[in-house]
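A closer look at the structure
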Amino acid sequence: MKAKIPFEKRNPKAAAASKAEIQKQLIETNAEYELEVDALFLWVLHTHPKYRLGLSRIKELYEEVFRMRKEIYEFYKADPKLNKHRKSGELKSDNKQTAYWISISKLLDYGFDIKAEFERLDKKYKLD
């Protein structure tokens, strides 16, 4: 009977380098889609008859979104000595998914389950 040794145990340096490269590519891909999603929401807020936001209001809103993203990133990247809410060793990377996780969590606290709503709308409009 052969024992399988995980790649991480056999070659820890290569495993760490591989993981770092995957993380880098995920962040780059996320940034690309982040722009597309932002553009979609801003366009809907501009063109929908119910909202009709003008250029200055769209710019104000988008700046507020960026300010909040920056605040969230900085909060979770802060040194644990400066941020009493963060335990030592947590979130050492620049993982921008943090902002989305927090936003999803806050919406859920408010009573809006975005994952369930996404699934409902995906079934209705069949985006696949």
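Bear in mind the structure is a predicted one, so any value in this text is a computation, not a measurement. (Residues numbered from 1 in each chain as written. Predicted model: local features only at pLDDT ≥ 70, side-chain atom pairs only at ≥ 80, totals over all residues. Heavy atoms only, no water.)

**Description of the overall build of the protein chain**
Rules: Helix numbers and strand numbers start at the N terminus; a helix is a DSSP run of H or I with at least 4 residues, a strand a run of E with at least 2. Here's how the labels work: a residue is buried when its accessible area is under 20% of the maximum for its type, exposed when over 50%, partly exposed in between, all with a 1.4 Å probe on protein chains only. The contact criterion used is simple: two residues touch if any of their non-hydrogen atoms lie within 4.5 Å.
Scanning the protein chain for helices and strands turns up five helices and zero strands. The N-to-C order of helical and strand elements in the protein chain reads α-α-α-α-α. In the protein chain, buried positions account for 12% of the 128 residues. Contacts in the protein chain between residues far apart in sequence, at least 24 positions, make up 38% of those at least 6 positions apart.

**So, helix H2 (residues 12-47)**
Defined as follows: One less than the number of residues in a helix, times 1.5 Å, gives the span that helix is expected to have.
Here H2 spans 52 Å end to end across 36 residues, near enough to the 52 Å set by a 1.5 Å rise per residue. Among all positions of H2, only Ala15, Asn30, Glu34, Asp38 and Leu42 are buried.

**Focus: the packing of aromatic side chains**
How we decide: In this analysis, rings of Phe, Tyr and Trp, with Trp reduced to its six-membered ring, are considered paired at centre separations within 6.5 Å, and the interplanar angle assigns stacked below 30 degrees, edge-to-face beyond 60, and tilted for intermediate values. Definition used: whenever NZ (Lys) or CZ (Arg) falls within 6 Å of the ring centre and also within 35 degrees of the ring normal, the charge is taken to sit over that ring.
Under the defined criterion, the tally for this structure stands at one aromatic pair. The ring of Phe66 carries the charged tip of Arg69 above its face, separated from the ring centre by 5.4 Å.

**Thoughts on unusual backbone geometry**
The phi dihedral of Arg52 falls on the positive side, at around 45 degrees, and the residue is not glycine. With respect to the helices and strands, the residue Arg52 is situated in the loop between H2 and helix H3 (55-77).

**A short note on a nonpolar patch on the surface**
We apply this condition: The patch calculation keeps residues exceeding 30% relative accessible area without a salt bridge and links them within 9 Å when they carry like charges or within 5 Å when they are nonpolar (Val, Leu, Ile, Met, Phe, Trp, Tyr). Each accessible area is a Shrake-Rupley estimate made with a 1.4 Å probe; only the visible protein chains count as cover when residues are assessed. Any carboxyl oxygen of Asp or Glu that lies within 4 Å of a side-chain nitrogen of Lys or Arg is treated as forming a salt bridge with it.
Taken together, Ile104, Leu107, Tyr110, Phe112 and Ile114 make up a surface patch of nonpolar side chains, about 470 Å² in accessible area. Tallying contributions element by element places helix H4 (residues 97-110) first for the nonpolar patch, with three residues. Among the structural elements, Tyr110 can be located in helix H4. On the basis of relative accessibility, which here comes to 73%, the residue Tyr110 falls in the exposed class.

**Digging into the confidence of the model for the protein chain**
For residues with low pLDDT, the predicted coordinates do not support detailed interpretation. Our working rule: Confidence per residue, as judged by the predictor, is encoded in pLDDT with a range of 0 to 100.
Confidence in the prediction of the protein chain, expressed as mean pLDDT, is 80, and 75% of residues score 70 or more. Looking over the protein chain, one finds the lowest element-wise mean pLDDT in helix H1 (residues 7-10), namely 68, and the highest in helix H5 (residues 114-125), namely 90.

**What about the pattern of salt bridges?**
In total, this model carries four salt bridges according to the counting rule given. For Glu71, the salt bridge goes to Arg67, with nearest N and O atoms at 2.7 Å. Placement of the pair is Glu71 and Arg67 together in helix H3, with a separation of four residues, close to one helical turn. Arg67 sits in the partly exposed class, given a relative accessible area of 41%. In this structure, Arg120 engages Glu117 in a salt bridge whose closest nitrogen and oxygen atoms are separated by 2.6 Å. Of the two residues, Arg120 and Glu117 both sit in helix H5, three residues apart, roughly one turn of that helix. By relative accessible area, which is 44% here, Arg120 ends up partly exposed. For Glu117, a relative accessible area of 24% gives the class partly exposed. The structure contains a network of salt bridges with shared partners spanning Glu64, Arg67 and Glu71.

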